[in-house]
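Architecture at a glance
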Amino acid sequence: MGEILVEVATDQPFGHGVPAQLGISGDALNVAAAAASAGATVGLLAVLTDDDLGQAIAARIAELGISTDLLKFRKGQQGVYLVHSDPHGEREFSYARSGSVGSTLGPDDVEPHVFAAAGAVVAGGIACAISATSRAAVVKAASLAKRFVFDPNYRPRLTSVEDATAALTELAPQAFLVTPSFPGETDALLGAGTAEEAAAKLRSLGTANVAVTCGAKGVQLEADGVSAWIPAIPAPAVVDQTGAGDAFVGTLTARLVLGDDFPTAARYGAAASSLVVGGKGGTGLIPTFEQTRAHAAGSLEGTAPSNA
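Only a predicted model underlies this, so the values are computations on that prediction, with no experimental measurement involved.

**Digging into the confidence of the model for the protein chain**
- Scored by pLDDT, the protein chain has a mean of 92; 94% of the residues are at 70 or more.
- In the predicted structure, residues 300-308 sits below a pLDDT of 50 and forms 18 contacts with residues beyond four places in sequence or in another chain.

Here is the structure:
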């Protein structure tokens, strides 16, 4: 659940006449696409414009193997972002999303029987940040879900550190899985200097499983009976890093629901995130699960580096 955005991407500096590629993205869509590709049956709750653009976005969602049954269509403006990626895949964003139709998502859009029946419900800090009603929808979903997955996805341009911390603190006790990133989110939202400290704090709040993503180094996992370091898998190509973290969350969640153990599911998540950076845009390259599984075969268990 969350906001869908129109993506305008270029590998050149922003400017008049610069060629760009139009795409559909947003953290919720990226997560859903990865989960569907990883073998799960996936629905997406989001609000789209009730016009040709909204229908085109819905068609793309369906192309990615995601059910459109939960989509809502309303009058309003679709959120848009422009992104420039340099030759190393590093990105610079410019957003036009204030008051978007996606931010009208609210508790009444969360259907109790659907959310209670789902194997997992995934939401993020962005959905909490874009409006009070959207945050209330996330809180309602968390109360209904049998497995609630929360990606803090802290964005200083969207929310204050105080509000982001409050959302995480409120939702962590209900979470089956939380996936903060180190060091940015763990430091800002949890006051933790290491991945292990961040995981311990979330576990003390009641979170069942924690996966702390440490960028190109790997992922620290903590749960009952599990403390494991999952090394990152080198990317075959780096074109655009948009959606890499979302691919990890979507793949990890799908594989957990489908019965994989925590470390195995996380290795698949790491493999998927390594592959998606080879495409342009959040859903420019969604690997099949066969491709992800083959890529994960290059993952070897190791020991967390001392600065993780």
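**Examining the sheet that holds strand β10 (residues 209-213)**
- One open sheet accounts for six strands, arranged β7-β8-β9-β10-β11-β12; its pairing is mixed. If you trace the sheet from one side to the other, it starts and ends with β7 (121-124) and β12 (226-231), each paired once.
- As paired elements, strand β9 (residues 177-178) and β10 share two bridges and run parallel to each other. Along β10, the bridge assignment pairs L177 with N209.

**A word on the environment of I130**
- Position of I130 relative to the elements: it lies in the loop between α4 (125-129) and α5 (132-144).
- Here I130 falls in the buried class, since its relative accessible area comes to 18%.
- The contact partners of I130, leaving out residues within four places of it in the chain, are E3, R97, G102, S103 and L158.

**Digging into unusual backbone geometry**
- Cis geometry marks the peptide bond from F182 to P183; its omega dihedral reads 10 degrees.
- By secondary structure assignment, the location of P183 is in the loop between β9 and α7 (184-190).
- A positive phi angle is found at N153, which is not glycine, with a value near 40 degrees.
- Structurally, N153 is set in the loop between β8 (148-151) and α6 (161-171).
- With relative accessibility at 8%, the residue N153 sits in the buried group.

**Focus on the side chain of K72**
- When you line up the elements, K72 lands in strand β4 (residues 72-74).
- Engagement of the side chain of K72 in a polar contact is seen with the side chain of E111, the distance being 3.3 Å.
- Excluding anything up to four places from it in sequence, K72 contacts L45, A46, V47, L48, D109 and E111.

Cut-offs used in this document
Residues numbered from 1 in each chain as written. Predicted model: local features only at pLDDT ≥ 70, side-chain atom pairs only at ≥ 80, totals over all residues. Heavy atoms only, no water. pLDDT = per-residue confidence, 0-100. Contact = heavy atoms within 4.5 Å. Pairing = 2+ DSSP bridges. Helix = DSSP H or I, 4+ residues; strand = E, 2+ residues; numbered from the N terminus. Buried < 20%, exposed > 50% of the residue type's maximum accessible area, 1.4 Å probe, protein only. Polar contact = N/O pair within 3.5 Å; in protein donor to acceptor, adjacent residues only side chain to side chain.

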